[in-house]
Amino acid sequence: MNQNKKRFIEVLMYGPSIKNDGISWYDGMPYFKVSERRRFSYFDWLHDEISSGEIDSLAKKIADGIDVSPEKMWKFLKSRNSKVLSLSILEKALSYDESFIRGKAIRLIFENYAYKFEKVDEYLNSHEHPEVIYSLFRGALSSWRRYSSESRRLILNYFKNCLNIMSVAIRTKKFLENFEDEYSRESINWSKVEEKDKIELWNVWHEIFVEFLNEFPSRYVRMDEPHMVRVTEHSLEYIKNEEKVIDLSRAWFNWLDRYLQYNLPHDYGMSVAQYLMDGTGNKTDSRENIFQLLLSTKKTSFITTNIKVFIDCWNNLSDKEKRMVLDLYKSTRKDVNWVKAVSLNTKTIPYEIQVEILGESIDNKAISDVVDILTKKGLLEQCLNIHCGYPQPLWWNGYHHNNYILWDAVIVEVLRRNELNKTFYIALREVIDLLYNYDDRRIANINDIYEEDLLKSPEKRKLAFETLLNVTVNQNQCNKELWDLLFQYSSQEEIEFYFDKIAKDIELVQYYQIGEGDIFALFDKSMIFKKIYPRLEVDNLIKSLVESMFTLYKVINDSKNTLEGFKDKELSSSIKK
């Protein structure tokens, strides 16, 4: 993207965060500081409010055809009496060059007058400024129930067609993402909307949001994924039609398919399968195509997110849908082992899935047998990756730590064995992280595992050190007990090796310890002065200089005291004589 395009997108994204009500004027020119987001307060509004006399005077001037400055017109439009401004005044405001003036005027027209018009076509100009296009739609929505069916359809089609203009889509984004939030800046006052009218408004939102997702400029703009999920979930209270749920699911899929080309979404953005299942339940006939589409995506994060949802909803799937899932495990996809691993990390693993993936059920197997089966199938490593959410984006994808009973037991079994491979490291990292955060709730006797199964073996002890060092530099707290135990079981040669590594990365080790007693909260004072300082040339030199200065100060101070004592003694002798 060239710099001009980038700057243009930044301005478009920045725009919704600036309130037009906070615009200032200088010598008849409007401005606001683009270098900082202006916070408009009640006192600003009170200062800018014009008196009733001024309002009457301005209204008379406009009625007499006398030009009014943009500054006066703007103050006029945003006065507390703006909702009762005559149509002729608002029509006059539409002739101004300033888009924010036209936007305010068109919103008031479509909020207070346009529903009375026989035709609204003359206002539906797709070449207008995005603020004006958005304000027209927003104003109409405030009085939606008053519009005729024909006018509603005209406005909806007009606005939907305008969403393929990137600037209009960006201007509309926040409103659609926060549609259910009564306390959002541009929200609908839901407390004053009757229940039947809420259903109508939510259906309008649905139609617009489907078009919005299909036209969304994914390359340039990120969605607020948590808000997106919240508003879609809330919409299911009012949109019960399965076909509409499927339409939105398909649009969501289309958006995500493009979005994944430029962004890495979190689990929120990929939760279209959850929305589909929540909205259709066990009514399977109409969702066959979108179900198949969600299982055909080539994106690993997306398909694994979908498969987790479908397995969690296994009892609501048709036999045909279950067959689609089971057939997926036979595919030649390069990532099929990840699909299998996520499937085995669900809260409850359906019997059919266990048999399809592993060849048998593991429900009543000893944990050592489970580990052997997973190893034989080449799935143990991926399964622990999924359970632990490591590495990224497995944590972000949201399917980690779903079945503690099974997978924590697998972790313990892996650590008790002597196969020091990647699987062992994944299990070790999980246990060290739990120990470092003082979490002994998940794994029984986790402290004994650290001592008995890890620290008593030289090979495992070395890996435990490396993992503990890594966890230490990535945590904003201390756990001196783990380090003390490690030193207790280690030879002098091992300890020297540890401190070589610690000294090499001392900045990282010390970074999160500031304010927590520094590295004294991690290691004994004697260790720091005997093992760390000698390995830090500059720090040790400074330490030696400071010690020398203190020694010199002590010598000087002692000499001074001795001299003063000698003088006192001489003086005392003189007095006696």
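Residues numbered from 1 in each chain as written. Predicted model: local features only at pLDDT ≥ 70, side-chain atom pairs only at ≥ 80, totals over all residues. Heavy atoms only, no water.

1. Overview of helix H7 (residues 130-142)
Spanning 13 residues, H7 covers 19 Å between terminal C-alpha atoms, matching the ideal 18 Å at 1.5 Å per step. Most of H7 sits inside the fold, with twelve of its 13 residues counted as buried. Those residues of H7 not exposed but buried are Pro130, Glu131, Val132, Ile133, Tyr134, Ser135, Leu136, Phe137, Arg138, Gly139, Ala140 and Leu141. (Helix = DSSP H or I, 4+ residues; strand = E, 2+ residues; numbered from the N terminus. Expected span 1.5 Å × (residues − 1). Buried < 20%, exposed > 50% of the residue type's maximum accessible area, 1.4 Å probe, protein only.)

2. Examining the confidence of the model for the chain
The predicted model of the chain averages 88 in pLDDT, with 89% of residues at 70 or higher. Per-residue pLDDT stays below 50 along residues 36-47; that stretch engages in 15 contacts with residues further than four places along the chain or on separate chains. (pLDDT = per-residue confidence, 0-100. Contact = heavy atoms within 4.5 Å.)

3. Description of a negative patch on the surface
Together, Glu91, Asp121, Glu122 and Glu150 line one region of the surface with negative charge. Along the chain, the position of Glu91 falls in helix H5 (residues 87-93). By relative accessible area, which is 31% here, Glu91 ends up partly exposed. (Patch = residues over 30% accessible without salt bridge, like charges linked within 9 Å, V, L, I, M, F, W, Y side chains within 5 Å. Areas by Shrake-Rupley, 256 points an atom, 1.4 Å probe, with all protein chains shown as cover. Salt bridge = Lys/Arg side-chain N within 4 Å of Asp/Glu carboxyl O. Lys, Arg positive; Asp, Glu negative; His and termini not counted. Charge placed at Lys NZ, Arg CZ, Asp CG, Glu CD.)

4. Focus on helix H9 (residues 166-177)
With twelve residues, H9 should reach 16 Å at 1.5 Å per residue; the first-to-last C-alpha distance of 16 Å fits that figure. In terms of residue burial, H9 counts as a mostly covered element, since ten of its twelve residues are buried.

5. Concerning the side chain of Glu98
Secondary-structure assignment places Glu98 in the loop between H5 and helix H6 (99-112). One buried charge, Glu98, has no salt-bridge partner; the nearest side chain with opposite charge is Arg102, at 6.5 Å. For Glu98, the residues in contact, after removing those within four places along its chain, are Pro30 and Pro70.

6. Here's the deal with the packing of aromatic side chains
What the rule picks out here adds up to 36 aromatic pairs. Note on Phe487 and Phe499: the rings are 5.4 Å apart at their centroids and 20 degrees apart in plane angle, and the pair reads as stacked. Separated by twelve residues along the polypeptide, Phe487 in helix H25 (residues 480-489) and Phe499 in helix H26 (residues 492-504) bring together distant segments of the chain. Judged by relative accessible area, which is 0%, Phe499 ranks as buried. Put simply, the rings of Tyr134, Phe175, Phe179, Trp190, Trp202, Trp205, Phe209, Phe212, Phe216 and Tyr238 pair up and form one aromatic cluster. (Phe/Tyr/Trp six-rings, centres within 6.5 Å; stacked < 30°, edge-to-face > 60°.)

7. Overview of a nonpolar patch on the surface
Residues Val538, Ile542, Val546 and Phe550 make up a contiguous nonpolar surface patch of roughly 390 Å² in combined accessible area. With respect to the helices and strands, the residue Val546 is situated in helix H29 (residues 537-576).

8. Section: the packing of helix H10 (residues 195-215) against helix H11 (residues 225-235)
Where H10 contacts H11, the axes come no closer than 11 Å and their chain directions differ by 140 degrees. The angle between H10 and H11 falls in the class oblique. As H10 packs across H11, the resulting crossing turns out to be left-handed. Here Trp202, Trp205, Phe209 and Leu213 of H10 lie close against H11, whose contacting residues are Met228, Val231, Thr232, His234 and Ser235. Each residue belonging to the contact of H10 with H11 can be placed in one class, and the counts come to six nonpolar, three polar and no charged. (Axes fitted to C-alpha atoms, helices over the stretch in contact; angles between N-to-C directions. Parallel < 35°, antiparallel > 145°, perpendicular 65-115°, else oblique. Left-handed = near helix turned anticlockwise from the far one by under 90°. Nonpolar A, V, L, I, M, F, W, Y, C, P; charged D, E, K, R; others polar.)

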